Amino acid sequence: MANPTYRPTLWAAGDWNAFFGFGTNILVNMLTLTALLRFVLKMPDALVFGRILPAVGLMMFLSTMYYAFLAYRLASKTGRSDVCALPSGISVPHMFIVTFVIMLPISLKTGDPEKGWQAGLVWVFFQSFILMIGGFIAPYIRRITPRAALLGTLAGVSVTFISMRPVLEMYMTPVIGLTCFAIITVSWFGGVKYPKGIPAGLVAIIVGTAIAWGSNVVGLDYGGLSIEKLVAAFAGFGFSMPLPAFNTVFSGFEFLGVILVTAIPFGIYDLVEAMDNVESAEAAGDAYPTTSVLTADGVVSLIGCLMGNPFINAVYIGHPGWKAMGGRIGYSAATGLMVILLAWFGVIAVLLAFIPVVAISPILLYIGMLIGAQAYQTTPSRHAPAVVLALTPHLAAWCKTLMDGALGAAGTSAAAIGMEKLGAVGVLYRGLEVLGGGSILTGLVLGAIGAFVIERKFTEASAFAAAGAVLTFFGFMHGESIGLAVTPTVAVAYALVAGFLYALVRYPEFISVEMAPAKEAIAHPAE
């Protein structure tokens, strides 16, 4: 029973580890965001450092402070000292989507980067309302969806889009990457303590930075740092507060037709991802109200948008990781303070020139490892095949993303090469395109069908297959955009599966079904 007089500790010893871990995660995202704005969208520094980054800082400050408050309230209510705040920040997948799908095409078409900025603001404007409205239906979805499906599709994101880039970066510069990875893993997995309690994340950054700068002395240039780049970065110093951008937002409505094609499906993506992350936190012991979380994401994203930020806020994957390394309440609030200082004083450019990104990559890989493992560790072992099934759409989406990038860099595309030629060399591009479309929803539906089939709850499995048919018909799954009959054959296939599964229950006299208690799903060699 909770102690009504209990007052949670605002800062625990483990908050240092979580702060340096989560703070560096946020730092990497902010550095990436800044690079996209400056070097991809070609936005002027006055706009990047004077308008957009200050608004980003304000939004993330409000978000991290609110989730620190939710953690404090949960700790007070339960009397527990191990409550960990939800991590939050810029949605990384959407950072790239809004850049390459919305802002870049409009910037190129109009010849004006500021038009791209306006379009990005409108995109976030609509996304925010989808999150706020969706917050009221998300608790119901959580109640009817197996944990294996919720965490399985989340594991798919972590294995592909969270883990793969960091591990590739590590092996591109292994002297720094693997060294920093070893420093982190022996502490966060192996329990090794460093002298005077110095957080492992900080040790990794210090060592990685020392190796990078030391390599410059002997001409090896690990990490790509230089004195010239560092000196040039100091030109970005200066104090800038966010300013209202109401007129800019409404100016972007001229691009509404292009924006809604992606804003609605990706708003639903955010809804499901946030719901998955709340489920992940509950599996780790901290039960947060889904409606409050999603509504908060929508509100702070809307505030950021109206102040000039074209990127949406999201509850981050990784709560179990920060909790495992000792994070409680304070790490979230401290990260918010750090972000607002970095964004309002123009420090980002200096850090980008001083710390090698590869020294931070192992922290992101660690988080991906934990989330992938959680999907198996906190669900019944017999549901493991359902978790694997939920992973597959994300693998397809990741492979397609890499292929499209490589073909684009070569000045061609899959369509230009031809599906038959690609298929002849084993590249089933059309399969990747269909399976990977709407991957987070696809993974959730497939995982739920798999888990319910394993439990022999064929009525529930049929309902999820029917939902898959509807979502697919309108393009929310297995499609690149919403519409009517986007991938009709896949929608029909889901409908047939739904009918078959329902028949197993409705007409048992025609189909013999062994209805004994479900057993462990154990793989056997093919005969």
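Check the entry above for the structure.
Chemist: Just give me the short version of helix 9 (residues 200-217), but keep the residues and values in it.
Modeler: Between its first and last C-alpha, helix 9 extends 26 Å over 18 residues, near the 26 Å set by a 1.5 Å rise per residue. Contacts from the buried residues of helix 9 go to helix 1 (14-40), helix 8 (174-188), helix 10 (227-233), helix 16 (348-354) and helix 17 (361-377).

Chemist: Go over the environment of Asn17 with me, naming the residues and quoting the values.
Modeler: Tracing the backbone shows Asn17 in helix 1. For Asn17, a relative accessible area of 17% translates into the label buried. Between the C-alpha atom of Asn17 and that of Arg143, which follows or precedes it by 126 residues, the distance is 33 Å. When residues no more than four places from it in sequence are discounted, the contact partners of Asn17 are Trp188, Pro199, Ala200 and Met325.

Chemist: Help me get a handle on the packing of aromatic side chains, residues and values and all.
Modeler: This model, assessed by the stated rule, comprises 19 aromatic pairs. Ring centres of Phe22 and Tyr331 lie 5.6 Å apart, and the angle between their planes is 75°; this geometry places the pair in the edge-to-face category. One end of the pair, Phe22, is in helix 1; the other, Tyr331, is in helix 15 (residues 330-344), and 309 residues separate them in sequence. For Tyr331, a relative accessible area of 0% corresponds to the buried category. Here the aromatic residues Phe125, Phe126, Phe129, Phe250 and Phe253 are joined through ring pairs into a cluster of three or more.

Chemist: Before we move on, can you summarise the nonpolar core with the specific residues and values?
Modeler: Core analysis: the largest hydrophobic core is formed by 115 residues, its most contacted members being Met43, Ile90, Tyr288, Phe311 and Trp322. With 16 residues, the single largest contributor to this core is helix 2 (residues 45-78). If you look at the next biggest cluster of nonpolar residues, it comprises 26 residues, including Ile440, Leu441, Val445 and Leu446.

Chemist: Got a sec to walk through the pattern of salt bridges? Specific residues and values, please.
Modeler: In total, this model carries 10 salt bridges according to the counting rule given. Across the salt bridge formed by Asp286 and Arg80, the nearest N and O atoms sit 2.5 Å from each other. Here Asp286, found in the loop between helix 12 (256-283) and helix 13 (290-306), pairs with Arg80, found in the loop between helix 2 and strand 1 (88-90); they are 206 residues apart in sequence, far enough to count as distant. The buried category is assigned to Asp286, whose relative accessible area is 0%. By relative accessible area, which is 22% here, Arg80 ends up partly exposed. Between Glu169 and Arg165 there is a salt bridge, with the nearest N and O atoms lying 3.1 Å from each other. One end of the pair is Glu169 and the other is Arg165, both in helix 7 (residues 164-172) and 4 residues apart, which spans about a single turn. Overall, Arg165 belongs to the exposed group, its relative accessible area being 59%.

Chemist: How would you summarise the packing of helix 18 (residues 384-409) against helix 22 (residues 439-454) if you had to cite specific residues and measurements?
Modeler: Viewed as axis vectors pointing N to C, helix 18 and helix 22 meet at an angle of 160°, and their least axial separation amounts to 7 Å. Looking at the two axes, helix 18 sits roughly antiparallel to helix 22. Helix 22 is crossed by helix 18, and the crossing has right-handed handedness. Contact residues: helix 18 offers Pro385, Ala386, Leu389, Ala390, Thr392, Pro393, His394 and Ala397, while helix 22 offers Ser439, Ile440, Thr442, Gly443, Leu446, Gly447, Gly450, Ala451 and Ile454. When the residues that make up the contact of helix 18 with helix 22 are grouped by side-chain class, the tally is 10 nonpolar, 7 polar and no charged.

Analysis parameters
All residue numbers refer to position in the chain's written sequence, counted from 1. A pLDDT threshold of at least 70 governs which residues receive local features in this predicted model, and a stricter bar of 80 or more applies before side-chain atom pairs are shown or counted, although totals over entire chains, interfaces and linings include all residues. For the side-chain quantities, the full set of heavy atoms in the structure was used; hydrogens and water were omitted. Secondary structure elements follow DSSP: runs of H or I no shorter than four residues count as helices, runs of E no shorter than two count as strands, and numbering proceeds from the N terminus. Given a helix with a known number of residues, its expected span is that number minus one, times 1.5 Å. Contacts were defined at the residue level, with two residues in contact if any of their heavy atoms lie within 4.5 Å. A simple rule labels every residue: compare its accessible area, found with a 1.4 Å probe on the protein chains alone, to the largest value its type can have, and call it buried under 20%, exposed over 50%, or partly exposed in between. For this analysis, a ring pair means two rings from Phe, Tyr or Trp (six-membered ring only for Trp) whose centres lie within 6.5 Å, classed as stacked if their planes differ by under 30 degrees, edge-to-face if by over 60, and tilted for the remaining angles. Side-chain atoms within 4.5 Å are what join buried Ala, Val, Leu, Ile, Met, Phe, Trp, Tyr and Cys residues into a set we call a nonpolar core. Any Lys or Arg side-chain nitrogen found within 4 Å of a carboxyl oxygen on Asp or Glu counts as a salt bridge. Angular values range over 0 to 180 degrees, each being the angle between N-to-C directions of two axes fitted as lines to C-alpha atoms, with helices fitted over their stretch in contact. Angular relationships are summarised with four words: roughly parallel below 35 degrees, roughly antiparallel beyond 145, roughly perpendicular across 65 to 115, and oblique for the angles in between. Crossing handedness is defined as follows: a turn of the near helix away from the far one that is anticlockwise and smaller than a right angle gives a left-handed crossing, while the clockwise case is right-handed. For this classification, the nonpolar set comprises Ala, Val, Leu, Ile, Met, Phe, Trp, Tyr, Cys and Pro, the charged set comprises Asp, Glu, Lys and Arg, and every other residue, Gly included, is treated as polar.

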